[in-house]
Amino acid sequence: MTDDARDRGDDGSTAATGSVGTDGFDHTGPIDGLDRADPLAAVSPLDGRYASRTAPLSPYVSEGALMRARTRVEVEYLIALAALDATPITVDDELAAALRALYTDFSAADARLIKRLEVEGAAGYAATNHDVKAVEYFLRVRLEGLAEADVIDDAAVYFPWIHFGLTSEDVNNLAHRLLVKPAVTTVLVPAIREVRDALVELAHDHRATPMLARTHGQPATPTTFGKEMAVYAARLGRALGRVDAAVDGIAGKLAGASGTYAAHTAAYPDVDWRAFSAAFVADLGFEHTPLATQVNPCDDLATLFDALRGVNDVLLDLDVDAWLYVSDRYLGQRAVEGETGSSTMPHKVNPIDFENSEGNLSKANADLVFLADYVTSSRLQRDLSDSTVKRNIGAAFAHCLIGYLKVADGLSKVVPNEAVMREELQATPEVIGEAVQTILRREGDVEAYERVKALSRGRDVDLDDFRALFAELDVDESVREELVALTPEGYVGVAADLVDELDE
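These figures come from a predicted structure and were not determined experimentally.

Draft legend 1. Focus on the pattern of salt bridges. Taken as a whole, this structure holds 30 salt bridges when the rule is applied. Between Glu76 and Arg100 there is a salt bridge; the shortest N-O distance is 2.8 Å. In this pair, Glu76 is assigned in helix H4 (residues 63-82) and Arg100 in helix H5 (residues 93-104), connecting sequence segments 24 residues apart. Classification of Glu76 by relative accessible area gives buried; the value is 14%. With relative accessibility at 32%, the residue Arg100 sits in the partly exposed group. Of the charged contacts, one joins Arg442 and Glu443 as a salt bridge, the two residues approaching to 2.9 Å between their closest N and O atoms. Judged by relative accessible area, which is 39%, Glu443 ranks as partly exposed. Here the salt bridges share partners, and the residues they tie into one network are Glu63, Arg70, Asp131 and Arg391.

Written out as structure tokens, the structure reads:
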């Protein structure tokens, strides 16, 4: 029995019970007219409040998508078996095309038939109470349809070869990877790249915009806003590279009930099943895992989850910094026409996109850590606990996607406030103290650090205080002029040029 079969009611559904309050009103019962399929009735915000945001993932992480992917594995396996000289079946080009159409043209009706085969029985088959076995029977039903269409003479000839020698995990591990890989490459990665592109644009547009830096939250050596955005863009680029490498390393297993090819070898001892498996897995686009128990060890998925968490860590850091820059008025926010910022304070434009991104990416990371840890362990050669856990990969990806889209929204609305940044720099002249003591050290002044420290630490100073110090120094006039020329907004080193370190 599969995990989802145990979790459902006898009719494949679940029932909710309400509670009656002291006022006699049922506070938690069903809402009249609100169908379970309505997003407003969704248990999870991923399929409710954020349904429009998470919709691009549905073709890859939904239950229907998993059914289609299993169908693809079983179909391709049947075609590969037929290509062996040892087996008595053949699949010509016409039949191969018809079989592949079963997953390329997979429909809602197909998914519902598979579910009926599992839960209640259909087309003459009793309920399997097993999700993978239901796919096997689905293929039998469809082969009978091909026989009726005269594509094949006798459907039953092929029945013994569907799922031949396989365990469910042979199908499931490959099916999950057929979904995970495009979910990352076609949905998550483009969303991450959009954020990086926005950061690169901000970096170039504001490469020379001076800004007070803060270390330990205190005023520190100035930087430029563009350079700080470039740091995030570079970090995100490196993290994205780790995701790409992890996707390239996704690996599949096809070796039977205990990973020994025992059933295959018993049936056809002269076939090189290890070579067959390696070729089959490679044809699906994955590296081959030759050593496994019944389950794929899933180290490849753990690596991918860790890589995505690395992306999220970068963006969480960005979310927090962007929030602080908004708070400090370094960043202004474009108001959205008609949008309410606060329910009671009409003037407010809150940094809600960065806050929403922070919340979703934090939830995603909690899920990704759990998934990476859980899917790599199995009691002895197999236990079923990972099955229900892997169904939650889509939820982790959905929180990632919401986080990426929200931070992109936030970046599209912010406007660097150069005047505020410059004013604060001019009001914090003590930050040139580092430059002063470094130039004096160059000139051989062994007390340079102490001299500047005595002037500025714990005191409010202005440029006139520094210039008074400069007037007293026993230095060449050219050095004195060099010191006098120092300004907070001009003390940014080569920050602007560092933006060019970005790899477009």
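Draft legend 2. Spotlight on the domain arrangement of the protein. For the protein, the assigned domains read domain 1 (61-158), domain 2 (168-335 + 348-418) and domain 3 (429-499). Ranking the residues of domain 1 by area buried against domain 2 places Val61, Val73 and Tyr77 at the top, with a combined share of 31%. In this structure, the connection of domain 1 to domain 2 is made through two salt bridges. As a salt-bridge pair, Arg391 and Glu63 come within 3.0 Å of each other at their nearest N and O atoms. The tally of links from domain 1 across to domain 2 stands at five residue pairs in polar contact (both at pLDDT 80 or more). Contributing elements (two or more residues each) for the side of domain 1 that touches domain 2: H4 and helix H7 (131-148). When residues of the side of domain 1 that touches domain 2 are assigned to their parent elements, the largest contribution, 12 residues, is made by H4. Counted by class, the side of domain 1 that touches domain 2 contains 12 nonpolar, two polar and six charged residues.

Draft legend 3. Looking closely at the UniProt feature "domain: Adenylosuccinate lyase PurB C-terminal" (unreviewed entry) in the protein. Residues annotated in UniProt with the feature "domain: Adenylosuccinate lyase PurB C-terminal" (unreviewed entry) correspond here to residues 378-492. What you have in residues 378-492 is 63% helix and 3% strand, and the ends, taken at the C-alpha atoms, are 54 Å apart.

Draft legend 4. Region of interest: the pairing of strand S2 (residues 218-224). Here five bridges tie strand S1 (residues 210-215) to S2, and the two strands are oriented antiparallel to one another. Paired with Arg214 across the bridge in S2 is Pro219. What sits between S1 and S2 in their antiparallel hairpin is a turn of two residues, with His216 showing a positive phi close to 60 degrees.

Draft legend 5. Examining unusual backbone geometry more closely. In this structure, Asn129 takes a positive phi of about 55 degrees despite not being glycine. Relative to the elements of secondary structure, Asn129 occurs in the loop between helix H6 (108-119) and H7. We note that Asp150 has phi near 65 degrees; this positive angle belongs to a residue other than glycine. Position of Asp150 relative to the elements: it lies in the loop between H7 and helix H8 (168-205).

Draft legend 6. How the structure looks around the packing of H4 against H5. Interhelical geometry of H4 versus H5 gives an angle of 165 degrees and a closest axis separation of 8 Å. Relative to H5, the element H4 lies roughly antiparallel. For the pair H4 and H5, the crossing hand works out as left-handed. Residues Arg68, Thr71, Arg72, Val75, Glu76, Leu78 and Ile79 of H4 form the contact with H5, whose own contacting residues are Ala96, Leu99, Arg100, Leu102 and Tyr103.

Draft legend 7. Spotlight on the packing of aromatic side chains. Enumeration according to the criterion identifies 14 aromatic pairs in this entry. Between the aromatic rings of Phe225 and Tyr325, the centroid separation amounts to 6.2 Å while the plane-to-plane angle is 70 degrees, which identifies the pairing as edge-to-face. In this pair, Phe225 is assigned in helix H9 (residues 225-248) and Tyr325 in helix H12 (residues 299-327), connecting sequence segments 100 residues apart. The exposure class of Phe225 is buried, given its relative accessible area of 0%. Three or more aromatic residues joined by ring pairs form one cluster here, namely Tyr77, Trp273, Phe276 and Phe280.

Draft legend 8. Examining H5 more closely. In this model, H5 (12 residues) spans 16 Å end to end at C-alpha, consistent with the 16 Å of a helix rising 1.5 Å per residue. Residues of H5 that are buried make contact with H4, H6 and H7. For H5, the capping residue at the N-terminal end is Asp92, with a side-chain oxygen 3.2 Å from the backbone nitrogen of Glu94.

Draft legend 9. Spotlight on the side chain of Asp300. Relative to the assigned elements, Asp300 resides in helix H12. For Asp300, a relative accessible area of 9% puts it in the buried group. Within polar-contact distance, the side chain of Asp300 engages the backbone nitrogen of Ala251 at 2.8 Å. Apart from residues lying up to four places away in sequence, Asp300 is in contact with Arg177, Gly249, Ile250 and Ala251.

Draft legend 10. Main features of the nonpolar core. If you look at the biggest cluster of nonpolar residues, it comprises 134 residues, and the most contacted ones within it are Leu99, Val243, Phe397 and Tyr404. The biggest single contributor to this core is H8, with 18 residues. Two domains each provide a minimum of three residues to this core, namely domain 1 (61-158) and domain 2 (168-335 + 348-418). Apart from residues lying up to four places away in sequence, Val243 is in contact with Val184, Val189, Leu304, Ala307, Leu308 and Val311. The next biggest cluster of nonpolar side chains, apart from the first, holds 18 residues, and it includes Phe470, Val479, Leu483 and Tyr491.

Draft legend 11. Highlighting the environment of Met421. Here Met421 lies in helix H16 (residues 418-426). As for Met421 and Arg329, which are separated by 92 residues in sequence, their C-alpha atoms are 8.3 Å apart. Ignoring sequence-local partners within four residues, the contact set of Met421 consists of Thr209, Pro210, Met211, Phe225, Tyr330 and Pro416.

Draft legend 12. Summary view of a nonpolar patch on the surface. A surface patch of nonpolar side chains, amounting to about 230 Å² of accessible area, comprises Val320, Trp323 and Leu324. Considering the arrangement of structural elements, one finds Trp323 in helix H12.

Criteria and cut-off values
- Residues numbered from 1 in each chain as written.
- Predicted model: local features only at pLDDT ≥ 70, side-chain atom pairs only at ≥ 80, totals over all residues.
- Heavy atoms only, no water.
- Salt bridge = Lys/Arg side-chain N within 4 Å of Asp/Glu carboxyl O.
- Helix = DSSP H or I, 4+ residues; strand = E, 2+ residues; numbered from the N terminus.
- Buried < 20%, exposed > 50% of the residue type's maximum accessible area, 1.4 Å probe, protein only.
- Domains from an automatic or database assignment.
- Buried area = accessible area lost by both parts, 1.4 Å probe.
- Polar contact = N/O pair within 3.5 Å; in protein donor to acceptor, adjacent residues only side chain to side chain.
- Nonpolar A, V, L, I, M, F, W, Y, C, P; charged D, E, K, R; others polar.
- UniProt positions renumbered as here; feature names shortened; annotations may be inferred.
- Pairing = 2+ DSSP bridges.
- Axes fitted to C-alpha atoms, helices over the stretch in contact; angles between N-to-C directions.
- Parallel < 35°, antiparallel > 145°, perpendicular 65-115°, else oblique.
- Left-handed = near helix turned anticlockwise from the far one by under 90°.
- Contact = heavy atoms within 4.5 Å.
- Phe/Tyr/Trp six-rings, centres within 6.5 Å; stacked < 30°, edge-to-face > 60°.
- Expected span 1.5 Å × (residues − 1).
- Core = buried A, V, L, I, M, F, W, Y, C linked by side-chain atoms within 4.5 Å.
- Patch = residues over 30% accessible without salt bridge, like charges linked within 9 Å, V, L, I, M, F, W, Y side chains within 5 Å.
- Areas by Shrake-Rupley, 256 points an atom, 1.4 Å probe, with all protein chains shown as cover.

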